[in-house]
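The lines below spell out each chain.
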Amino acid sequence: MKLNIAVLSGDGVGPEVTTQSIKVLNAIAKKYHHDFQYEEALMGAIAIDKTGEPLPKETLDVCLKNDAILFGAIGDPKYDNDPTAKVRPEQGLLALRKALNLYTNVRPIKAYNALLDKSPLKEEIIKGADMVIYRELTSGIYFGKKSLNAAGTIASDVCTYTTEEISRITHEAFKTAQTRRKKVTLVDKANVLETSRLWRKVVTEIAKEYSDVSLDFLFVDNAAMQMILNPKQFDVILTENMFGDIISDEASVIGGSIGLLASASTGDNKALFEPIHGSYPQAKGKGIANPVASILSAAMLLDHFNLNEEADDIREAVEESIALGVCTADLNTTSTYSTDNVGDFIKEYITNSDDLNVYPTNVEVGQSTII
Ligand code: IPM
Ligand code: MG
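Keep in mind the model is a prediction, meaning the values are calculated, not measured. (Residues numbered from 1 in each chain as written. Chains lettered and ligands numbered in written order. Predicted model: local features only at pLDDT ≥ 70, side-chain atom pairs only at ≥ 80, totals over all residues. Heavy atoms only, no water.)

Enquirer: What's the story with the overall build of the protein chain in this structure? I'm lost.
Expert: Summing up its helical and strand segments, the protein chain has 14 helices and 12 strands in all. Scaling as 2.2 N^0.38, a compact globule of 371 residues should have a C-alpha radius of gyration of about 21 Å, and the protein chain matches this with 21 Å. Pairs at least 24 apart in sequence give 75% of the contacts found in the protein chain among residues at least 6 apart. Carbon and sulfur atoms make up 52% of the accessible area of the protein chain, which totals about 16200 Å². Within the protein chain, one finds 37 positive and 52 negative side-chain charges whose respective centroids are separated by 4 Å. (Helix = DSSP H or I, 4+ residues; strand = E, 2+ residues; numbered from the N terminus. Rg over C-alpha atoms; globule rule 2.2 N^0.38 Å. Contact = heavy atoms within 4.5 Å. Areas by Shrake-Rupley, 256 points an atom, 1.4 Å probe, with all protein chains shown as cover. Lys, Arg positive; Asp, Glu negative; His and termini not counted. Charge placed at Lys NZ, Arg CZ, Asp CG, Glu CD.)

Enquirer: Explain the domain arrangement of the protein chain to me, please; I cannot follow it from the model alone.
Expert: Bring the parts together and some accessible area is lost; that lost area is often taken as the interface size. The domain boundaries assigned to the protein chain delineate domain 1 (1–107 + 257–371) and domain 2 (120–255). On a C-alpha basis, the centres of domain 1 and domain 2 stand 25 Å from each other. Taken together, the 16 residues of domain 1 in the interface contact 19 residues of domain 2. Buried area between domain 1 and domain 2, summed over both chains or domains, comes out near 1600 Å², and the portion from carbon and sulfur atoms is 59%. Counting every contact that joins domain 1 to domain 2 gives zero salt bridges. Along the contact surface separating domain 1 from domain 2 lie five residue pairs in polar contact (both at pLDDT 80 or more). Elements that contribute at least two residues to the side of domain 1 that touches domain 2 include exactly helix H5 (89–99) and strand S4 (104–110). Among the elements that make up the side of domain 1 that touches domain 2, the one with the highest residue count is S4 (four residues). (Domains from an automatic or database assignment. Buried area = accessible area lost by both parts, 1.4 Å probe. Salt bridge = Lys/Arg side-chain N within 4 Å of Asp/Glu carboxyl O. Polar contact = N/O pair within 3.5 Å; in protein donor to acceptor, adjacent residues only side chain to side chain.)

Enquirer: It is not clear to me how the environment of Gln233 should be interpreted in this structure. Could you clarify?
Expert: By secondary structure assignment, the location of Gln233 is in the loop between helix H9 (220–229) and strand S10 (236–239). When residues no more than four places from it in sequence are discounted, the contact partners of Gln233 are Lys183 and Gln226. Within the local environment of Gln233, its side chain forms a polar contact with the backbone oxygen of Asn230, the two atoms lying 3.0 Å apart.

Enquirer: Explain the pairing of strand S3 (residues 68–73) to me, please; I cannot follow it from the model alone.
Expert: Residues in a regular strand project their side chains so that they alternate between the two faces of the sheet. S3 sits mainly inside the fold: six of its six residues count as buried. With five bridges connecting them, strand S1 (residues 2–10) and S3 associate as parallel partners. Its bridge partner lying in S3, Leu8 is registered against Phe71. Here S3 pairs with strand S12 (residues 271–275) via two bridges, running parallel. Residue pairing for S12: Leu70 is matched across the bridge by Phe273. (Buried < 20%, exposed > 50% of the residue type's maximum accessible area, 1.4 Å probe, protein only. Pairing = 2+ DSSP bridges.)

Enquirer: Before we go on, may I ask you to explain the side chain of Ser335 in this structure?
Expert: Considering the arrangement of structural elements, one finds Ser335 in the loop between helix H12 (308–323) and helix H13 (339–352). Here Tyr337 takes part through its backbone nitrogen, which lies 3.0 Å from a polar atom of the side chain of Ser335. Excluding residues within four positions of it along the chain, Ser335 makes contact with Cys327, Thr328 and Ala329.

Enquirer: Sorry if this is basic, but what is going on with the site of ligand 1 here?
Expert: Taken together, Ile74, Glu90, Arg97, Arg107, Arg135, Tyr142 and Asp245 form the complete shell of residues around ligand 1. Between ligand 1 and Tyr142, the relevant distance is 2.5 Å, taken from an oxygen atom to a side-chain nitrogen or oxygen of the residue. Within the side chain of Asp245, an N or O atom sits 2.8 Å from an oxygen atom of ligand 1. Protein coverage of the free-state accessible area of ligand 1, which is 320 Å², stands at 80%. In a pocket analysis with a 2 Å cut-off to the grid points, ligand 1 is assigned to the second largest pocket. Of the residues in the shell around ligand 1, the class split is two nonpolar, no polar and five charged. A domain-level breakdown of the shell around ligand 1 finds at least three residues from each of domain 1 (1–107 + 257–371) and domain 2 (120–255). (Near = heavy atom within 4 Å. 1 Å grid on protein atoms, 1.4 Å probe; cavity = no way out; pocket = protein on both sides within 12 Å on 5 of 7 lines; lining within 4 Å. Sits in = over half its atoms within 2 Å of the grid points. Nonpolar A, V, L, I, M, F, W, Y, C, P; charged D, E, K, R; others polar.)

Enquirer: Explain the packing of aromatic side chains to me, please; I cannot follow it from the model alone.
Expert: Centre distance and the angle of the planes are the two values used to describe a pair of aromatic rings. Throughout the structure, instances matching the rule amount to three aromatic pairs. Judged by centre distance (6.1 Å) and plane angle (25°), the ring pair of Phe345 and Tyr349 falls under stacked. One end of the pair, Phe345, and the other, Tyr349, are both in helix H13, four residues apart, so they sit about a helical turn from each other. Lying across the ring of Tyr142, Arg135 places its NZ or CZ 5.3 Å from the centre. Here the guanidinium or amino end of Arg168 rests over the ring plane of Tyr103, the centre of that ring lying 4.1 Å away. (Phe/Tyr/Trp six-rings, centres within 6.5 Å; stacked < 30°, edge-to-face > 60°. Lys NZ or Arg CZ within 6 Å of the ring centre and 35° of its normal.)

Enquirer: Just to check I follow, could you spell out H9 for this structure?
Expert: Quick reminder: α-helices carry 3.6 residues per turn. Residues three or four places apart thus point the same way. Every buried residue of H9 is listed here: Val220, Ala223, Gln226 and Met227. Along the axis of H9, the buried residues cluster in a sector spanning 110°; they form a single face. Close packing links the buried residues of H9 with strand S5 (130–136), strand S8 (183–188), strand S9 (214–219), S10 and helix H10 (241–255). (Arc of directions from axis to C-beta.)

Enquirer: Even after reading the chapter, I still don't get the sheet that holds S8, so can you show me in this structure?
Expert: Strands in a sheet are paired, the pairing made by backbone hydrogen bonds, and the direction either parallel or antiparallel. Read from one edge of the open sheet, 10 strands run S2-S1-S3-S12-S11-S4-S5-S10-S8-S9, paired in mixed fashion. Both edges of this open sheet fall to strand S2 (35–40) and S9, since each of them pairs with a single strand only. Adjacent strand axes in the sheet meet at a mean angle of 25° when their direction is disregarded. Running over the sheet, H5 touches S1, S3, S4, S5 and S12 and is turned about 150° from S12. (Axes fitted to C-alpha atoms, helices over the stretch in contact; angles between N-to-C directions.)

Enquirer: Would you take a moment to explain the nonpolar core for this structure?
Expert: As a rule of thumb, nonpolar side chains are buried together in soluble globular proteins. Core analysis: the largest hydrophobic core is formed by 63 residues, its most contacted members being Phe36, Leu238, Leu301, Leu302, Ile314, Val318 and Ile346. Setting aside residues no more than four positions away along its own chain, Leu301 makes contact with Leu3, Ile5, Ala68, Leu70 and Phe273. Of all hydrophobic cores here, the second largest spans 21 residues; its members include Ala111, Ala129, Val220 and Leu261. (Core = buried A, V, L, I, M, F, W, Y, C linked by side-chain atoms within 4.5 Å.)

This is the structure in C-alpha cells:
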C-alpha cells in the first residue's frame, strides 16, 4: 500500500519521539512491501517562531493533501507562563483538529503485566485493566465563545453541544464496544450541566440500536475516583472534550507512564495520530523521552488503513521491549536506554523477530549490537 503521511513533529520532545516512529514505520514498509512517504510541516511554538502562526496555512495544506498525519507534541514554557500571550502553540493543534473535523479521539489504556509494579496504584487494582476512552474532540468548552471584559476581571468560556456532534462519536464508541467487552460508560456531569443532559438523552436513544452493548452513566467526579479505585470496570468510556482530556491523563497512571499512551483522532475524511503526552520541554534533546506512545500511535495509523497485521507487529515489538526492560527511565529509573535505543530495538525486533537466533535471547544477555 502507498501511504502519504504528513509529519508534524512539533515542539519539545516531539521531534525525537517522532523520529523513532518513522524508523519503525520504515521497518514495517520494508518487511511488508509498502511505500510510506513523509512530508514534514511546522506546527506549534516552532511554527510561531518561524512564521508567527501556530498553524501556518502551508501546514494545513500539507495535512489536507496527505492520507494521514503523524503528530509529535505541542507546547513551550515561554507561552505557559505568559497568560497575556496573544498566540499560543496549542491554538495550532486545536485549529487543526477543527479544520480537519477530527471529532473522535480514541485513547486506549491498558496495564502491561511487565509494568504492574511501576504504577503508583496497587497491582491487584490495575492488573487486567483494559479500556478505551472515546473523547469528543472538536466541540464543547474548548471551542465555545470566549470572552474577557475590558477591565480584565470577568471571563467566560461557553460549552455547547449539538445532537449531531454527540451522535456521530457515540456510534463510533458503540461500534468499538461491540468488538470488545460490550460496555459503554458515558462520563458526564448531568446533575449540573445542560450539555451533559443532552449527551445522556442522545446516547440513551442511540444505545437502543446496539442491543448487545450495555450502557451505564457516571458523573465525572465519581468517574475520576472509580478510575483509580476499580479501573477494570471500564471497557469503552464515552465523554465530552474537557472531561476526556482530564480523565485520560488520570488513566495514564494505570499504564505506568504517560509515555506509553497513544491516540488516534479521526473524522469523516482525515486522521491524525499522536502520543497523548505533551512536549516535555525539560527532556528536550536529552534522549530520555519515551518513544513508545508515538510508536503506538503509528500502529494506530496502520490500523486505520486496515494494516492490522503490521500494527500488531509493532505492538508485539513494543511489548517485547517492555518485557525485556529495554525502556527509557520513566519506566525503569536505572535504565541506560535512550529514546533512540528503544526505537532501534523496536525496529530491529520487527525486522528480525523471525530469526530466533538473534532475538530476543541475545538482547536479554546483553549481546545485541543494536542497543
Ligand atoms: C491533549 C492535550 C491538548 C488538549 C492540549 C495540548 C491543547 O492536552 O491532547 O490531551 O487539551 O486537548
Ligand atoms: Mg490532555
